[in-house]
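# Tertiary structure, described
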Amino acid sequence: MSATESLRRDHALIEKMISALKTISLLLKNGKQIPDSILNQAIDFSINFTNTCHHGKEEESLFPTLEKKGMPREGGPIARMLYEHEITKELANSIISSTKIYIASGEQAELVKNIDEYVQHVSLHISKENQRLFVMADMLLNDQETLVNDNLTRLEKEKFDKIGNSREYYEKLIDNINLNE
Ligand SMILES: [Fe+2]
Ligand SMILES: [Fe+2]
(Lines give C-alpha, C1' and ligand atoms only; values in the text may rest on other atoms or scores of the structure.)
(Ligands and ions follow the chains in the order given, each with its own letter.)
Protein backbone atom coordinates (compact mmCIF):
# COMPACT_ATOMS: atom_id res chain seq x y z
CA MET A 1 0.00 0.00 0.00
CA SER A 2 1.28 3.49 -0.83
CA ALA A 3 0.36 6.64 1.12
CA THR A 4 -1.60 7.99 -1.85
CA GLU A 5 -3.45 4.76 -2.71
CA SER A 6 -6.88 6.03 -1.69
CA LEU A 7 -6.40 9.27 -3.65
CA ARG A 8 -5.16 7.44 -6.75
CA ARG A 9 -8.31 5.29 -6.57
CA ASP A 10 -10.38 8.51 -6.57
CA HIS A 11 -8.44 9.70 -9.63
CA ALA A 12 -9.30 6.51 -11.51
CA LEU A 13 -13.00 7.18 -10.88
CA ILE A 14 -12.71 10.87 -11.81
CA GLU A 15 -10.97 9.84 -15.04
CA LYS A 16 -13.99 7.67 -15.90
CA MET A 17 -16.18 10.76 -15.49
CA ILE A 18 -13.77 12.71 -17.71
CA SER A 19 -14.14 10.08 -20.40
CA ALA A 20 -17.97 10.24 -20.08
CA LEU A 21 -17.79 14.06 -20.38
CA LYS A 22 -15.67 13.74 -23.54
CA THR A 23 -18.38 11.53 -25.07
CA ILE A 24 -21.13 13.93 -23.95
CA SER A 25 -19.27 16.83 -25.58
CA LEU A 26 -18.79 14.89 -28.82
CA LEU A 27 -22.47 13.90 -28.95
CA LEU A 28 -23.54 17.51 -28.34
CA LYS A 29 -21.19 18.69 -31.13
CA ASN A 30 -22.84 16.14 -33.43
CA GLY A 31 -26.24 17.62 -32.65
CA LYS A 32 -27.40 14.79 -30.37
CA GLN A 33 -29.64 15.45 -27.37
CA ILE A 34 -28.27 14.60 -23.93
CA PRO A 35 -30.92 13.77 -21.29
CA ASP A 36 -31.11 16.18 -18.34
CA SER A 37 -30.62 13.28 -15.94
CA ILE A 38 -27.18 12.47 -17.42
CA LEU A 39 -26.04 16.09 -17.15
CA ASN A 40 -27.35 16.36 -13.60
CA GLN A 41 -25.53 13.18 -12.59
CA ALA A 42 -22.28 14.51 -14.08
CA ILE A 43 -22.75 17.73 -12.09
CA ASP A 44 -23.56 15.83 -8.87
CA PHE A 45 -20.36 13.80 -9.30
CA SER A 46 -18.21 16.86 -10.07
CA ILE A 47 -19.48 18.86 -7.10
CA ASN A 48 -19.84 16.16 -4.47
CA PHE A 49 -17.32 13.47 -5.35
CA THR A 50 -14.55 15.52 -6.98
CA ASN A 51 -14.76 18.90 -5.23
CA THR A 52 -16.10 18.07 -1.79
CA CYS A 53 -14.81 14.58 -1.16
CA HIS A 54 -11.62 14.18 -3.21
CA HIS A 55 -10.30 17.74 -2.99
CA GLY A 56 -11.32 17.75 0.68
CA LYS A 57 -9.14 14.67 1.30
CA GLU A 58 -6.18 16.35 -0.42
CA GLU A 59 -6.63 19.78 1.17
CA GLU A 60 -7.54 18.73 4.69
CA SER A 61 -5.41 15.60 5.03
CA LEU A 62 -2.66 14.98 2.44
CA PHE A 63 -1.40 18.55 1.99
CA PRO A 64 -1.16 19.37 5.75
CA THR A 65 0.63 16.03 6.30
CA LEU A 66 3.14 16.94 3.56
CA GLU A 67 3.65 20.38 5.13
CA LYS A 68 4.49 18.70 8.43
CA LYS A 69 7.10 16.71 6.53
CA GLY A 70 8.68 19.97 5.33
CA MET A 71 7.01 20.60 1.97
CA PRO A 72 6.31 24.35 1.84
CA ARG A 73 2.71 25.49 1.37
CA GLU A 74 3.60 28.68 -0.48
CA GLY A 75 5.37 28.81 -3.83
CA GLY A 76 5.52 25.05 -4.37
CA PRO A 77 3.37 22.23 -5.73
CA ILE A 78 0.82 22.47 -2.87
CA ALA A 79 0.03 26.12 -3.67
CA ARG A 80 -0.26 25.22 -7.35
CA MET A 81 -2.65 22.32 -6.65
CA LEU A 82 -4.81 24.49 -4.35
CA TYR A 83 -5.05 27.09 -7.10
CA GLU A 84 -6.02 24.41 -9.62
CA HIS A 85 -8.77 23.15 -7.27
CA GLU A 86 -10.23 26.67 -7.31
CA ILE A 87 -10.17 26.67 -11.11
CA THR A 88 -11.85 23.23 -11.12
CA LYS A 89 -14.63 24.66 -8.92
CA GLU A 90 -15.10 27.68 -11.23
CA LEU A 91 -15.20 25.46 -14.32
CA ALA A 92 -17.78 23.17 -12.67
CA ASN A 93 -19.90 26.25 -11.85
CA SER A 94 -19.71 27.28 -15.52
CA ILE A 95 -20.97 23.82 -16.51
CA ILE A 96 -23.88 24.23 -14.07
CA SER A 97 -24.84 27.59 -15.63
CA SER A 98 -24.57 26.39 -19.22
CA THR A 99 -26.46 23.17 -18.40
CA LYS A 100 -29.37 25.32 -17.18
CA ILE A 101 -29.28 27.23 -20.48
CA TYR A 102 -29.08 23.97 -22.46
CA ILE A 103 -32.02 22.44 -20.59
CA ALA A 104 -34.12 25.58 -21.00
CA SER A 105 -33.31 26.40 -24.62
CA GLY A 106 -31.38 23.54 -26.25
CA GLU A 107 -28.47 25.96 -26.83
CA GLN A 108 -25.36 23.75 -26.56
CA ALA A 109 -22.38 25.88 -27.66
CA GLU A 110 -21.51 27.27 -24.22
CA LEU A 111 -21.99 23.88 -22.54
CA VAL A 112 -19.66 22.18 -25.04
CA LYS A 113 -17.03 24.89 -24.48
CA ASN A 114 -17.30 24.59 -20.68
CA ILE A 115 -17.16 20.77 -20.72
CA ASP A 116 -14.08 20.82 -22.98
CA GLU A 117 -12.30 23.31 -20.69
CA TYR A 118 -13.20 21.24 -17.62
CA VAL A 119 -11.99 18.00 -19.25
CA GLN A 120 -8.68 19.57 -20.26
CA HIS A 121 -8.03 21.19 -16.87
CA VAL A 122 -8.97 18.21 -14.69
CA SER A 123 -7.08 15.69 -16.87
CA LEU A 124 -3.91 17.77 -16.61
CA HIS A 125 -4.37 18.31 -12.86
CA ILE A 126 -4.74 14.57 -12.23
CA SER A 127 -1.71 13.70 -14.31
CA LYS A 128 0.40 16.32 -12.45
CA GLU A 129 -0.64 14.84 -9.12
CA ASN A 130 -0.17 11.21 -10.18
CA GLN A 131 3.20 11.78 -11.80
CA ARG A 132 4.74 14.44 -9.56
CA LEU A 133 3.09 15.37 -6.26
CA PHE A 134 1.97 11.85 -5.33
CA VAL A 135 5.38 10.42 -6.27
CA MET A 136 7.01 12.90 -3.85
CA ALA A 137 4.30 12.18 -1.24
CA ASP A 138 4.84 8.40 -1.48
CA MET A 139 8.56 8.93 -0.79
CA LEU A 140 8.10 11.47 2.01
CA LEU A 141 5.39 9.44 3.76
CA ASN A 142 6.73 5.93 3.23
CA ASP A 143 7.13 5.42 6.97
CA GLN A 144 3.47 6.22 7.76
CA GLU A 145 1.47 4.74 4.88
CA THR A 146 -1.16 3.04 7.04
CA LEU A 147 -1.72 6.14 9.18
CA VAL A 148 -2.04 8.42 6.12
CA ASN A 149 -4.49 6.04 4.43
CA ASP A 150 -6.50 5.57 7.62
CA ASN A 151 -6.84 9.35 7.96
CA LEU A 152 -7.92 9.67 4.33
CA THR A 153 -10.49 6.90 4.74
CA ARG A 154 -11.91 8.52 7.89
CA LEU A 155 -12.18 11.91 6.19
CA GLU A 156 -13.80 10.31 3.14
CA LYS A 157 -16.46 8.76 5.35
CA GLU A 158 -17.11 12.13 7.03
CA LYS A 159 -17.51 13.81 3.65
CA PHE A 160 -19.87 11.14 2.30
CA ASP A 161 -21.95 11.27 5.49
CA LYS A 162 -22.36 15.04 5.01
CA ILE A 163 -23.17 14.66 1.31
CA GLY A 164 -25.70 11.93 2.17
CA ASN A 165 -24.35 9.45 -0.38
CA SER A 166 -21.73 6.72 -0.44
CA ARG A 167 -18.68 5.90 -2.52
CA GLU A 168 -20.63 2.93 -3.96
CA TYR A 169 -23.35 5.36 -5.09
CA TYR A 170 -20.82 7.35 -7.14
CA GLU A 171 -19.19 4.20 -8.53
CA LYS A 172 -22.62 3.05 -9.77
CA LEU A 173 -23.40 6.54 -11.11
CA ILE A 174 -20.25 6.37 -13.26
CA ASP A 175 -21.15 2.90 -14.53
CA ASN A 176 -24.65 4.11 -15.45
CA ILE A 177 -23.38 7.18 -17.28
CA ASN A 178 -20.93 5.08 -19.28
CA LEU A 179 -23.66 2.54 -20.13
CA ASN A 180 -25.96 5.27 -21.34
CA GLU A 181 -23.43 6.72 -23.76
FE1 LIG B 1 -5.98 17.81 -6.58
FE1 LIG C 1 -6.43 14.76 -6.89
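Note that residues are indexed from 1 along each chain, following the sequence as it is written. Both sets of labels track the order of writing: A upward for chains, 1 upward for ligands. The predicted nature of this model means local features are confined to residues of pLDDT at least 70 and side-chain atom pairs, given and counted, to a pLDDT of 80 or more, with totals for whole chains, interfaces and linings taken over all residues.

## Let's talk about the overall build of the protein
Note the following rule: Think of it this way: any DSSP run of H or I at least four residues long counts as a helix, any run of E at least two long counts as a strand, and we number them from the N terminus. Comment: burial labels come from other C-beta atoms within 10 Å of the residue's own C-beta, placed from the backbone, where a count of 20 or more is buried, 12 or fewer is exposed, and between is partly exposed. Residue pairs are scored as contacts if the distance between their C-beta atoms, which are placed from the backbone, is within 7 Å.
Secondary structure summary: the protein contains six helices and zero strands in total. Beginning at the N terminus, the succession of helices and strands in the protein can be written as α-α-α-α-α-α. The principal-axis extents of the C-alpha atoms in the protein amount to approximately 55 × 35 × 25 Å. Put simply, the protein has 181 residues, and 29% of those count as buried. A separation of at least 24 residues holds for 80% of the contacts in the protein among residues at least 6 apart in sequence.

## A word on the packing of helix 3 (residues 77–105) against helix 4 (residues 109–140)
For any two helices packed against each other, one specifies the crossing angle of their axes together with the interaxial distance. Formally: Only the stretch in contact is used when fitting a helix axis, every axis being a line fitted to C-alpha atoms; angles between N-to-C directions are given from 0 to 180 degrees. Oblique is the label for every angle not falling under 35 degrees (roughly parallel), over 145 degrees (roughly antiparallel), or within 65 to 115 degrees (roughly perpendicular). Each helix crossing is assigned a hand: it is left-handed if the near helix lies turned anticlockwise from the far helix by less than a right angle, otherwise right-handed if that turn is clockwise. Gly is put with the polar residues, along with every residue not named as nonpolar or charged; the nonpolar set is Ala, Val, Leu, Ile, Met, Phe, Trp, Tyr, Cys and Pro, and the charged set is Asp, Glu, Lys and Arg.
Running from N to C, helix 3 and helix 4 point in directions that differ by 155°, and their axes come no closer than 9 Å. Taken together, the axis directions place helix 3 and helix 4 in an arrangement best described as roughly antiparallel. Like other packed secondary-structure pairs, helix 3 and helix 4 cross with a definite hand, here left-handed. Among the residues forming the contact of helix 3 with helix 4, the class breakdown is 13 nonpolar, seven polar and five charged.

## Quick notes on the UniProt feature "domain: Hemerythrin-like" (unreviewed entry) in the protein
Note the following rule: UniProt positions are given in the numbering used here, feature names are shortened, and annotations may be inferred rather than shown by experiment.
The UniProt feature table records "domain: Hemerythrin-like" (unreviewed entry) at residues 4–136. Note that residues 4–136 is 86% helix and 0% strand, and that its end C-alpha atoms are spaced 10 Å apart.

## Considerations on the nonpolar core
Counted only if it meets this: Take the buried Ala, Val, Leu, Ile, Met, Phe, Trp, Tyr and Cys residues, join any whose C-beta atoms are within 7 Å, and the set you get is a nonpolar core.
Membership of the largest hydrophobic core comes to 22 residues, with the highest contact counts inside it found for Met17, Ala20, Leu21, Ile24, Ala42, Phe45 and Ile115. Elements that contribute at least two residues to this core include exactly helix 1 (5–29), helix 2 (36–68), helix 3, helix 4 and helix 6 (167–180). Membership of the second largest hydrophobic core comes to twelve residues, among which are Leu7, Leu62, Phe63 and Leu141.

## What about the environment of Ile47?
Considering the arrangement of structural elements, one finds Ile47 in helix 2. Using a count of 17 C-beta atoms within 10 Å as the deciding quantity, one classes Ile47 as partly exposed. Expressed as a C-alpha distance, the spacing of Ile47 and Thr88, which sit 41 residues apart in the sequence, is 9.7 Å. Beyond its immediate stretch of four places on either side in the chain, Ile47 contacts Thr52 and Ala92.

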